Structures are given as structure tokens and as C-alpha cells.
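# Understanding the architecture of this molecule
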Amino acid sequence: MQEAGEVLRRGGLVAFPTETVYGLGGDALNPASSKKIYEAKGRPSDNPLIVHIARMEDLAPIVKEVTEEARRIAEAFWPGPLTMILPKAEKVPYETTGGLETVAVRMPSHPVAQKLILCGGGYVAAPSANLSGRPSPTTAKYVIEDMDGRIDMILDGGEGDIGLESTIVDLTVSPPQILRPGYITQDMLTQVLGQVGVDRTILEADSGQAPRAPGMKYRHYAPRGELTIISGLAEQVTAYINARAEEDQAAGHKVGVIGTDEVLPQYRADIVRSLGSRQDEDSIARHLYAILREFDDEQVTRIYSECFEATGLGQAIMNRLLKAAGHKLIVLDGNREA
Ligand code: TXA
Ligand code: MG
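Quick look at the structure, then.

How each quantity is defined
- Residues numbered from 1 in each chain as written.
- Chains lettered and ligands numbered in written order.
- Predicted model: local features only at pLDDT ≥ 70, side-chain atom pairs only at ≥ 80, totals over all residues.
- Heavy atoms only, no water.
- Helix = DSSP H or I, 4+ residues; strand = E, 2+ residues; numbered from the N terminus.
- Rg over C-alpha atoms; globule rule 2.2 N^0.38 Å.
- Buried < 20%, exposed > 50% of the residue type's maximum accessible area, 1.4 Å probe, protein only.
- Contact = heavy atoms within 4.5 Å.
- Pairing = 2+ DSSP bridges.
- Phe/Tyr/Trp six-rings, centres within 6.5 Å; stacked < 30°, edge-to-face > 60°.
- Lys NZ or Arg CZ within 6 Å of the ring centre and 35° of its normal.
- Core = buried A, V, L, I, M, F, W, Y, C linked by side-chain atoms within 4.5 Å.

The helix and strand inventory of the chain stands at ten helices and 16 strands. Here the chain has a C-alpha radius of gyration of 20 Å; the compact-globule value for 338 residues is 20 Å, and the two agree. Along the first, second and third principal axes, the C-alpha atoms of the chain reach 60 × 45 × 35 Å. The burial tally for the chain puts 56% of its 338 residues in the buried class. A separation threshold of at least 6 residues defines the contact pool for the chain, and within that pool the share at least 24 residues apart is 67%.

Before going further, it helps to examine the sheet that holds strand 7 (residues 153–154). The ten strands are arranged 7-1-2-6-3-5-4-8-9-10 in an open sheet whose pairing can be described as mixed. Edge positions in the open sheet fall to strand 7 and strand 10 (197–198), since each of these has one partner strand only. Pairing between strand 4 (residues 82–87) and strand 8 (residues 167–170): four bridges, direction parallel. Bridging across to strand 8, Ile 85 finds its partner in Asp 170.

Here strand 15 (residues 329–333) shows a clear split, with Ile 330 and Leu 332 buried on one side and none of Leu 329, Val 331 and Asp 333 buried on the other. Here three bridges tie strand 11 (residues 226–231) to strand 15, and the two strands are oriented parallel to one another. What sits directly across from Ser 231, in strand 15, is Val 331.

Moving on: the packing of aromatic side chains. Taken as a whole and judged by the stated rule, the model has zero aromatic pairs. Against the face of Tyr 94 rests Lys 88, its NZ or CZ located 4.3 Å from the ring centre.

Moving on, we get to the environment of Leu 322. Along the chain, Leu 322 falls in helix 10 (residues 313–324). Taking C-alpha positions, Leu 322 is 21 Å from Asp 297, a pair spaced 25 residues apart along the chain.

A word on the nonpolar core. Grouped together as the largest cluster of nonpolar side chains are 42 residues, with contacts concentrated most on Ile 73, Trp 78, Met 84 and Leu 189. Elements with a minimum of two residues in this core: helix 2 (31–41), helix 3 (68–77), strand 4, strand 5 (102–106), helix 6 (140–147) and helix 7 (186–193). The element best represented in this core is helix 3, accounting for four residues. When near neighbours in sequence (up to four residues on either side) are disregarded, Met 84 contacts Ala 70, Ile 73, Ala 74, Trp 78, Val 103, Ala 104, Val 105, Val 169 and Leu 171. Membership of the second largest hydrophobic core comes to 26 residues, among which are Ile 303, Leu 313, Met 318 and Leu 321.

Rendered as C-alpha cells:
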């Protein structure tokens, strides 16, 4: 950890585990480090980075003001998978915030992340440690696939607990607004803050509005295969997917299915993978990105996925799935397609 901290202090890059996904870390207060992060990811440099801290007293120096709302949600959810947006202090370079006057801050709970941040000087800028256009890495193996040869060091902390990126809440507006759904749900935030809104662009396919988290405007991860999400009663969905899979296979496609334990044996396709039990949203969140990566590696050309309820953690799961599918959703209603 000392060595990794040294790398950061010298302006180098270290990938590290967090409780959500692996991060690609650099010194957040060093403009040259942030530039290197964009290069390594192949990511546009107007897409701001999240600054990771390990101690509450490190928040005040990088924001204009630690507001009452910030204090309350930090107390409730830090360390943990929650990122807050606040007006930035001068100390934070524009290279880190993508030119914005605001800064995104998160205190991760993973012990390796915390130790690295402390050894590295207290402020670690880190996007997810994937190449731009690939799913966020949930194990060190995927970080190596994307980043080997591009960065100085990778810390292996095993599989991430949550598997989806942190919830982002914007505290510069009133009421606060969720810009990216995650493990900390709207309900959980509402309990602490009173009213909390959700950015309209999050679940709507085409709201006509530009998303407020700049990262959400880029064509996000899209699998190499064409992904379609199917919504309906379980028997309808399996029957529909099997019929489409058969047609696709006849046309020469390699077909992958993303399902759940309850109905998995009923699917017929080239590769059938389960996200876990429908009763266990945590498992669904944890396995989604790994399955999408596997389908890319296996050069699957058509992918069908079951649909999940868009409440609680399901909101984050559906948000990532819909983005990966380019919002291709088929709703089965009786025998009709809507
Ligand atoms: O769980 C996570 O948050 C992971 C781990 C590594 O901590 N990090 C992560 O970073 O997901 P990244 O760069 O992949 O996503 C950061 C998102 C982007 O959509 C970006 O646009 C948004 O946060 N963001 C960062 N700063 C912002 C700001 N000042 N205002 C609005 N959105 C911001
Ligand atoms: Mg990312």
C-alpha cells in the first residue's frame, strides 16, 4: 500500500477495488494525473471524475461549503456507495472536474480503497477502471483486460460487493436530485433529506433533455451483440425469447440470454446465464457486468434479457440495462407486442 501511495504521489495511476466497481485512481489535486486518467481510459476529458476521500475532515478543503444536507447524508451513507455533488473549492483543478464549478465526492467503504487514499495523499480521482465503452470492472481480471500496460499498478481485492457504480446525488439544486441511481436508493435518501428528485433522463428513453451528469450523455457501454429487454409474465417472456432465439440462430446468430434462477432451465440459446434469484436484487446487480463482458468475449451477436422492477435497487439495475440496450424494450401484453 505504501508503494501504491508513492505511485499516486508521483503522479502515476493505480487501479483499486471499491465496494461498487474497480476505480482507476490518480492524485485528484494534480492536473497531470487527471489528464493521464482520461488518456488511459480513452475517455473525453470533459467528463468529470469522482474525488474519493477517506476521512470526513478531508471534505471541507475541496468544497465551497459543507452544507447541512451534505453533513446529513455523509453521516447516513459514508463510507459507502454514495457520491455527492457540491460547488468546488479552488484547490480542485478543472482537469479533475471536467471544467465544472462543481465536484463529485465519495468516501468508499472498501478497506483497500481507504488505505490507498490515505497513503496517496488523501484525494484520489477515480472513474471506473474500464476502457471507455466497456462495462465497469467488478474483478481485477477485467481491469487487467482493459488496463494492462496502460497504468502503473493494479491492486487485486477480489470481487466487488455491489457491482454497480455509486448513487450520485446533486446537492447544488433544491430539492437534491439523483443523477445516477445506485445501491443507495431514492427512498433511503428521502428518509434522510426529506424530498429528493430523480433526473428525468434516467429512466426515460427519450426525454428530450440533456442528462445532468455529463458522463450520462456519452453513448455508454453498449454490448457488441444487440441487446433487447423483454418485459411481461414469466412464461410469456421465456416463450418469446426462445422463439426469437430460434429465429436468430437460424439466421446464423450466436444468441445469449440473461435470465434468473427461477426460469433458467427453460431457455434455449447458445449461452444462457443467470443473474441469480429474482428474490435477490443484490445478486442481480453484482453479476450483470460480468455477464455482459462474457457475452462480448464470446462474440454473442444477439442478447435477450429479462426485465426487472424499476424500484429500489431495481432502478439502478434497469438504468444500466436500458442504457446497454440503447433503450430497446419489448413489453409483452397477452399475445401483443407494445
Ligand atoms: O462507484 C463509483 O462511483 C465508481 C467507483 C470507482 O467509485 N466510479 C465511477 O466513476 O463510477 P465514473 O467516472 O465511471 O462515473 C462518474 C460519473 C459520471 O457520469 C460523471 O459525469 C459524473 O459522475 N460526475 C462527476 N462529477 C460530476 C459533477 N461535478 N457534476 C455532475 N456529474 C458529475
Ligand atoms: Mg464509468
